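Inside the fold
Take a look at the letters that make up each chain.
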Amino acid sequence: MVWKVIGIVVVAVIAIWIIGALIKALLPILVIAAIGTGVYLLYKAVTGSNENSPLTKP
């Protein structure tokens with residue numbers, strides 16, 4: 001019984017380490033993507049193109 005509990009704790013710690021490493025690796029990419037999307041949407045809103053898009057009123 002004790003070994004099962006220790007095994008569960010070890011697996012949980014390893015899972016947390018892996019998830020933390022993935023978040024640490026992907027966070028800069030996600031931030032750059034969010035900034036890029038924001039800049040694109042701001043540009044589309046300011047230029048007011050004549051396309052039928054959700055950002056422009058028909």
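Preceding this paragraph is the structure being described.
Quick caveat, the model's predicted, so the values are computed rather than measured.

1. Remarks on the overall build of the protein
When its secondary structure is counted, the protein shows 1 helix and 0 strands. A burial count over the protein gives 5% of its 58 residues as buried. Carbon together with sulfur atoms contributes 79% to the accessible area of the protein, which is approximately 5,400 Å² in total.

2. Describing helix α1 (residues 2-47)
Every α-helix carries 3.6 residues per turn, so stepping three or four residues along brings you back to the same face. Between its first and last C-alpha, α1 extends 65 Å over 46 residues, near the 68 Å set by a 1.5 Å rise per residue. Where α1 bends most, the angle comes to about 40 degrees, and this point is Leu26, followed within four residues by the proline Pro28. The first or second residue beyond α1 is Gly48, which carries a positive phi of 60 degrees.

Conventions used here
- Residues numbered from 1 in each chain as written.
- Predicted model: local features only at pLDDT ≥ 70, side-chain atom pairs only at ≥ 80, totals over all residues.
- Heavy atoms only, no water.
- Helix = DSSP H or I, 4+ residues; strand = E, 2+ residues; numbered from the N terminus.
- Buried < 20%, exposed > 50% of the residue type's maximum accessible area, 1.4 Å probe, protein only.
- Areas by Shrake-Rupley, 256 points an atom, 1.4 Å probe, with all protein chains shown as cover.
- Expected span 1.5 Å × (residues − 1).
- Bend = angle between axes of the 7 residues up to and from the residue.

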